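The residues making up each chain are set out below.
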Amino acid sequence: MQKEIIVLLGGPGTGKSTLINELVARGFCCYPEISRQVTMKAQEEGIEQLFLEQPLLFSEMLLEGRIEQYKNALKEPDQVVFIDRGIPDVVAYMDYIGDEYPESFVQACEDYKYSKTFILPPWEEIYQSDAERYENFEQAVKIQEHLIETYKKYGYELIEVPKDTVENRILYILDKI
């Protein structure tokens, strides 16, 4: 059986982390979203929103972390590894804010390919802001559009996870793999 590196993607507040936590609880190998770690580390150093203040630096740190997650996933003994957000997310967010980025960002999207991509749609009823999530729901919808465009640009078939209970969303994903 070939290694499956599966990414869960979607705009902010679509339920990715909740699903990752549930997959962990069920014994699956999962890698968490790293942007919160990067944001919290910057806040400890006095930078309230690194992505807003220094988007390229923030994105470089994310890209480095996501490449490391991908490489680590390849080494896992588990045949299936879930990752909360993927490498193309970095490009999508940079496109969303309209900033330029180096060719290495594009190259990373081409070099590291995921087996499957599950996209969670914007869902206003479950959307919540917090200290690390600065976007409002309308911005989250725009980010979603950039994510779809970016992943399709790199040849991914996006499997949309229906709005449903956590249990049913998990069953849907597991059925598709």
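About the criteria used
- Residues numbered from 1 in each chain as written.
- Predicted model: local features only at pLDDT ≥ 70, side-chain atom pairs only at ≥ 80, totals over all residues.
- Heavy atoms only, no water.
- Buried < 20%, exposed > 50% of the residue type's maximum accessible area, 1.4 Å probe, protein only.
- Helix = DSSP H or I, 4+ residues; strand = E, 2+ residues; numbered from the N terminus.
- Arc of directions from axis to C-beta.
- Contact = heavy atoms within 4.5 Å.
- Salt bridge = Lys/Arg side-chain N within 4 Å of Asp/Glu carboxyl O.
- Core = buried A, V, L, I, M, F, W, Y, C linked by side-chain atoms within 4.5 Å.

A.B. asks: Even after reading the chapter, I still don't get helix α6 (residues 103–111), so can you show me in this structure?
C.D. replies: Residues spaced three or four apart along an α-helix point in a common direction, a consequence of the helix completing one turn every 3.6 residues. Where α6 is concerned, the buried positions are Phe105, Val106, Ala108 and Cys109. Buried residues of α6, viewed axially, fall in a sector of 155°; they line one side. For α6, the elements touching its buried residues are α4 (55–75) and α5 (87–97).

A.B. asks: Which parts of the structure should I look at to understand the pattern of salt bridges?
C.D. replies: Enumeration according to the criterion identifies 8 salt bridges in this entry. The salt bridge partner of Lys41 is Glu45, with a shortest N-O separation of 3.1 Å. Overall, Lys41 belongs to the partly exposed group, its relative accessible area being 46%. Notably, a salt bridge pairs Arg85 with Asp89, separated by 2.6 Å at the nearest N-O pair. In this structure, a network of salt bridges that share partners links the residues Glu33, Arg66, Arg85 and Asp89.

A.B. asks: Honestly, the nonpolar core in this entry has me stumped. Any pointers?
C.D. replies: Most often, soluble globular proteins have nonpolar side chains that are buried together. Grouped together as the largest cluster of nonpolar side chains are 38 residues, with contacts concentrated most on Leu9, Leu63, Ile83, Ile87, Tyr114 and Tyr151. Aside from chain neighbours lying at most four places away, what touches Leu9 is Lys16, Asp89, Thr117, Phe118, Ile119, Leu120, Leu147, Tyr151 and Leu158. Residues Ile20, Leu23, Phe82 and Leu120 belong to the second largest nonpolar core, which totals 14 residues.

A.B. asks: Mind showing me how you'd approach the environment of Asp99 here?
C.D. replies: Note that Asp99 resides in the loop between α5 and α6. Residue Asp99 is classed as partly exposed on the basis of its relative accessible area of 31%. Each C-alpha atom of the pair Asp99 and Leu56 lies 7.9 Å from the other, and the pair is 43 residues apart in sequence. Dropping the residues within four chain positions of it, Asp99 is found in contact with Pro55 and Met94.

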